[in-house]
Amino acid sequence: MATTEQVWQAVQALYHATDATQRVQANEWLQGYQKSAGAWESLDVLLKTDGMSEETYFFAANSLKSKSIGPDLVEQLDAPAREALGGSLMAHIHKFRNGPSVVRKQLCLAFAAYAGQFDHTLRPVDIVQEVCTTLGASSETVPVLLELLTLLGEEADRVGRDATFLGNEVEHPLVASANRSALAVLNFLHQCFTALSTEPEATRSDKGAAMIACFCRWLRFSKVPPDQLVLSPIVHAAMGGLKDPKTTEASSDLLCELAYISRDVQSCMPIFQALAGNLQNFHDVYQSAVTDEDDALARAVTRIVAEMGESYVEVVARSPEQGAGLVNLLVLCGGHPETRVASITYAFWWRFKECLFNSCSEEERARALELLRQPISQMVLVLAKSACHPEDVDDWGQAEEDEFKNFRLETLWDCVLDLSEMIGGLAFLQALAPHLQAEVERSAGQADRWREVEGSLFLVRAAARYVPDNDETVAPGILSLFQKMPQHYRVRQTFTIVIAKFGRWLNVHPDALGPLLDFVVQGLGLPKLGKSASEALQDLCESCGEHMASPMQLNGLLQIYQSIGSLDIAEQERVVEGIGSVLVRVPGDQLMAMISAVSDPPLTAAKAALEAQDKTAVIAQLKKLRTLIKGGVTSCDRGVGPEVAAARREALSVAWTAQFEKVWPVLESCIRAFVGQEDLMEHLCRCMKSAIQAMTFRFKHFLGVFASAMVNSFLAHPLSCVLYVVDSIVSLFGKLPEFVQPLLEMLTAMDGR
C-alpha cells in the first residue's frame with residue numbers, strides 16, 4: 001500500500017515538476033493509486049493530516065468522490081468499512097467547513113454519492129437527519145450544511161428516478177430519509193432566510209442564492225400545500241431575484257421547479273396563479289436582458305417561460321384566451337438572437353401540437369388555433385429570423401459551420417415541422433410567404449441582404465412537404481421567385497433544394513417544371529452547388545419521372561448525362577441514379593434504346609480502361625453502370641399500384657437482358673484482368689447483383705457462363721464478395737426445380753477450395 005508520503009510527493013510532482021516526463025509519470029502513478037483498494041485508508045489519513053498543500057487535499061477529496069461514485073465503494077469495502085466511511089466523510093467536511101471551497105465541494109459530492117449508493121445494512125440511518133444534527137448545531141456550519149443538503153436533494157432525486165425507471169419497489173434509504181425530512185429541511189431554510197435580514201448586505205445575495213437553490217432541490221420531497229408554498233418568503237425572493245446576478249440561476253431553477261410540480265393545475269391553482277400573475281414581470285426582465293445583451297438573464301427567464309408553457313400546455317389548448325399571454329411571451333423568448341436561448345422554447349410547440357391532436361376535441365383544437373393565430377404566425381417569422389446566418393458567417397471556421405448546420409437541421413427543423421403539422425403546411429407558408437417576398441424585393445441591389453432570404457427559404461424547404469398538390473396560391477408564388485433571388489451561392493443552394501421539395505406539386509403542375517429544372521441543372525456547373533443540384537435533380541427525377549420521360553425531357557437528360565464528367569463521383573452517382581429512375585417510366589418500345597444510350601458510354605469507357613490496365617477508371621465505370629441499373633430497379637414500385645409496378649419490372653427485365661449481351665463480356669474481361677483484386681471485384685459483384693435484380697429470371701440465359709466465371713474466380717481467390725453475388729443467384733433460382741442440380745454443382749465446385 002502506498003504511504004501518504006509517496007502520495008504527497010506524487011501530487012507535488014504533478015503540479016510543480018518542471019520536467020514534463022516527471023509530470024506524466026506522476027499522473028500515471030496517481031491514477032493507478034486511485035484505483036487501488038488501499039487508497040481508501042491513505043486518502044483518509046491525508047485529509048486528517050494538517051499542513052498539507054491545497055492541491056494535496058484537493059487530490060484526496062476528489063479521489064474519494066471518484067471512488068464513492070464508482071463501483072469501488074461496494075467492491076473494495078466490506079459492510080463495516082462502508083458504515084465507517086460516512087462518519088469519516090462528515091468529519092472531513094466539518095474540518096474543511098471554512099475552506100478551501102474546492103476541497104469542501106469534492107467532499108460534499110463524495111458524501112452525496114456515498115449516500116446514494118449505500119444501503120446501511122448494519123445500522124439503519126436517517127442520513128438527512130444525521131447530517132442536519134451534525135452540521136446544524138452552529139451558525140458557523142450552516143453554509144456547508146446548505147451545500148450538502150442541496151447535493152443530497154439532487155442525489156435523492158436521481159436515485160428516485162433511477163428506481164422508477166428500473167421498476168424497483170423498495171424505497172431507497174436516501175429517498176425515504178428525504179421524504180421524512182423534507183418539511184423539516186424547508187422549515188430550517190425558512191428560518192435561515194428570515195435571519196438573512198440581519199446579515200451585511202454584501203453577503204446577503206450569496207447566502208440567499210444558496211438557500212433558494214437548496215429550497216428548490218427539496219420541493220419535490222415535500223407535501224407543502226400550494227396555497228402555503230406561494231406565501232414562502234423564499235419563493236417571493238425568487239420572483240424578485242432574477243435581476244440579481246448572484247441569485248439569477250437559483251431563482252430561475254426554483255421558478256421552473258414550481259411550474260413543473262404544478263402541472264396538475266386544478267390541484268395547484270395557487271402556484272399557477274402566482275406564476276401567471278408574474279408574466280408581465282418576466283416580460284420586463286427579459287426585455288431588459290435583451291437591451292443589456294445579458295444572455296445569462298435572458299436564458300434564465302426563457303427557461304421559466306418554457307417550463308410554464310410545457311407544464312400548462314392543456315390550459316393553453318383548452319382555454320387559449322387565458323394562455324395567450326404565455327404564448328406571446330414564448331414567441332418573444334423564441335426570437336432571442338442567441339440560438340441556445342431561443343431553442344429552449346421549441347419543445348413547447350411539440351407539446352402543444354400533441355395536446356391539440358391527442359387530448360382536445362376538434363372544436364377545442366379549431367378554437368385554440370383561431371384564437372392563437374396571431375402569435376403562431378409571428379412564431380413562423382421568428383423561426384425565419386433564427387434560421388438566418390449571422391453577419392460574421394464569412395469568418396466562420398468549420399466548427400461554427402457545423403454547429404449552425406446542426407442547429408438548423410435538428411433543433412429548428414423539428415420546430416418548423418411541429419408548427420407545419422399543427423396549422424398545416426399551407427397556412428405555415430401563407431404566414432411566411434409575404435415576409436419572403438418582401439425580403440426578396442429588399443435584396444434587389446443589396447448583396448448583403450441575402451441572409452434574410454436564405455433563412456426564409458430554409459423554412460420553406462422544411463414545410464414544403466405539407467403543401468397539398470392542388471395548391472394554386474402559395475407554391476406558385478414562392479417558386480416564381482427564382483428569377484429574383486440574390487446572387488449568393490447559399491441562397492441558390494437552398495432554393496435548389498426547395499424546388500426538389502416541391503416535387504410532388506410540380507408533378508401535378510408540369511408547366512412550371514421546365515424553367516425550374518433548368519435552374520437546378522445550371523447549378524451542376526457552378527462552384528459549391530454540385531451537391532445540392534445533384535441531390536435535387538435526383539429527387540425531381542423520382543417525383544416527376546413521368547413528365548421527365550417525355551422525348552423532349554429525355555433528350556435534355558441525355559445531354560446532362562453526357563456532361564457530368566466534371567462532377568464529383570458522389571454527384572455523378574446521384575445524377576445517374578436519378579436518370580435510372582426516369583428510365584422505368586419510358587414506354588416499353590423506347591426503353592431498350594434508352595438503356596443502350598445511357599449504358600453504352602460507360603461500357604466503352606470500361607473497355608478503354610481495361611486496355612490501359614487502369615483499374616481506378618474501370619471501377620468508376622462499374623459504379624456508374626450499377627447506379628444506372630439500381631436507379632431503375634428501386635423506382636419500379638414507387639408511387640404506383642401493383643399492376644403498373646409489375647409492368648415496369650417486366651419492361652426493365654426485357655431491356656436489361658438485351659443490354660446484358662454487351663455488359664457481360666466487359667464484366668468477364670474485368671474478372672480475368674483483375675482476378676483476385678478485392679476492390680475491383682467488390683464493385684463488379686455489386687454491379688452483377690443489381691443486374692440480376694433487374695433481369696430476375698431472364699438471367700438464366702447467362703447462368704452458365706456466370707457460374708463458370710464465379711467458380712474459377714473463387715477457386716483462385718476466395719473473396720467474400722463472390723459469395724455475396726452467388727447467394728443472390730441461389731436465392732432467386734433455387735426455388736425452381738430445374739436449377740437445383742446446376743446450382744448444387746456450382747456450390748460443390750466452389751467448396752473444393
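On a predicted model such as this, the values are computed, not experimentally measured, just so you know.

**Observations concerning the environment of leucine 429**
Right, on to step 1. With respect to the element layout, leucine 429 can be found in helix H25 (residues 425–443).
Right, on to step 2. Residues leucine 429 and serine 377, spaced 52 residues apart in sequence, show a C-alpha to C-alpha distance of 9.6 Å.
Right, on to step 3. For leucine 429, the contacting residues outside a window of four places in its chain are Val460, Ala463, Val467, Val474, Ile478 and Phe502.

**Some thoughts on the nonpolar core**
Right, on to step 1. If you look at the biggest cluster of nonpolar residues, it comprises 249 residues, and the most contacted ones within it are Trp218, Phe282, Trp349, Phe352, Leu459 and Phe699.
Right, on to step 2. Among residues more than four places away in sequence, those in contact with tryptophan 218 are Val128, Leu149, Thr150, Leu152, Gly153, Ala178, Ala182, Val185 and Leu186.

**Digging into the packing of helix H21 (residues 346–358) against helix H23 (residues 373–386)**
Right, on to step 1. Put simply, H21 and H23 touch, their axes get as near as 13 Å, and they point 140° apart. Along this stretch, H21 crosses H23, giving a crossing that reads as left-handed. The residues of H23 that touch H21, namely those facing Tyr346, Trp349 and Phe352, are Ile376, Met379, Leu383 and Ser386.
Right, on to step 2. For the contact of H21 with H23, the per-class residue count stands at six nonpolar, one polar and no charged.

**Remarks on the environment of isoleucine 595**
Right, on to step 1. Among the structural elements, isoleucine 595 can be located in helix H35 (residues 588–611).
Right, on to step 2. When the C-alpha atoms of isoleucine 595 and histidine 172 are compared, they prove to be 71 Å apart, with 423 residues separating the residues in sequence.
Right, on to step 3. When sequence neighbours within four positions are dropped, the list of residues in contact with isoleucine 595 reads Leu583, Asp600, Leu652, Ala655, Trp656 and Gln659.

**Structural notes on the pattern of salt bridges**
Right, on to step 1. Scanning all chains against the criterion turns up 44 salt bridges.
Right, on to step 2. For glutamate 401, the salt bridge identified is with arginine 490, shortest N-O distance 2.6 Å. Residue glutamate 401 is found in helix H24 (residues 398–423), and its partner arginine 490 is found in helix H28 (residues 489–501); the two are separated by 89 residues along the sequence.
Right, on to step 3. Its relative accessible area of 22% is what places glutamate 401 among the partly exposed residues.
Right, on to step 4. Salt-bridge contacts for arginine 408 lead to glutamate 454; the nearest nitrogen and oxygen are separated by 2.9 Å. Taken together, the residues arginine 408 in helix H24 and glutamate 454 in helix H26 (residues 450–463) connect sequence positions 46 residues apart.
Right, on to step 5. Exposure remark for arginine 408: the relative accessible area of 9% places this residue in the buried category.
Right, on to step 6. Here the salt bridges do not stand alone but share partners, grouping Glu154, Arg217, Asp253 and Arg303 into one network.

**Describing the layout of surface pockets**
Right, on to step 1. Looking at the largest pocket, its volume works out to about 610 Å³.
Right, on to step 2. What lines the largest pocket is a set of 21 residues, and nearest its centre among them are Lys405, Arg408, Arg461, Arg490 and Gln493.
Right, on to step 3. At the level of elements, H24, H26, H28 and helix H31 (530–543) are the ones that each hand at least two residues to the lining of the largest pocket.
Right, on to step 4. The leading source of residues in the lining of the largest pocket is H24, at seven residues.

The rules behind the values
- Residues numbered from 1 in each chain as written.
- Predicted model: local features only at pLDDT ≥ 70, side-chain atom pairs only at ≥ 80, totals over all residues.
- Heavy atoms only, no water.
- Helix = DSSP H or I, 4+ residues; strand = E, 2+ residues; numbered from the N terminus.
- Contact = heavy atoms within 4.5 Å.
- Core = buried A, V, L, I, M, F, W, Y, C linked by side-chain atoms within 4.5 Å.
- Buried < 20%, exposed > 50% of the residue type's maximum accessible area, 1.4 Å probe, protein only.
- Axes fitted to C-alpha atoms, helices over the stretch in contact; angles between N-to-C directions.
- Left-handed = near helix turned anticlockwise from the far one by under 90°.
- Nonpolar A, V, L, I, M, F, W, Y, C, P; charged D, E, K, R; others polar.
- Salt bridge = Lys/Arg side-chain N within 4 Å of Asp/Glu carboxyl O.
- 1 Å grid on protein atoms, 1.4 Å probe; cavity = no way out; pocket = protein on both sides within 12 Å on 5 of 7 lines; lining within 4 Å.
- Points joined across faces, edges and corners; volume = space filled by probe spheres on them.

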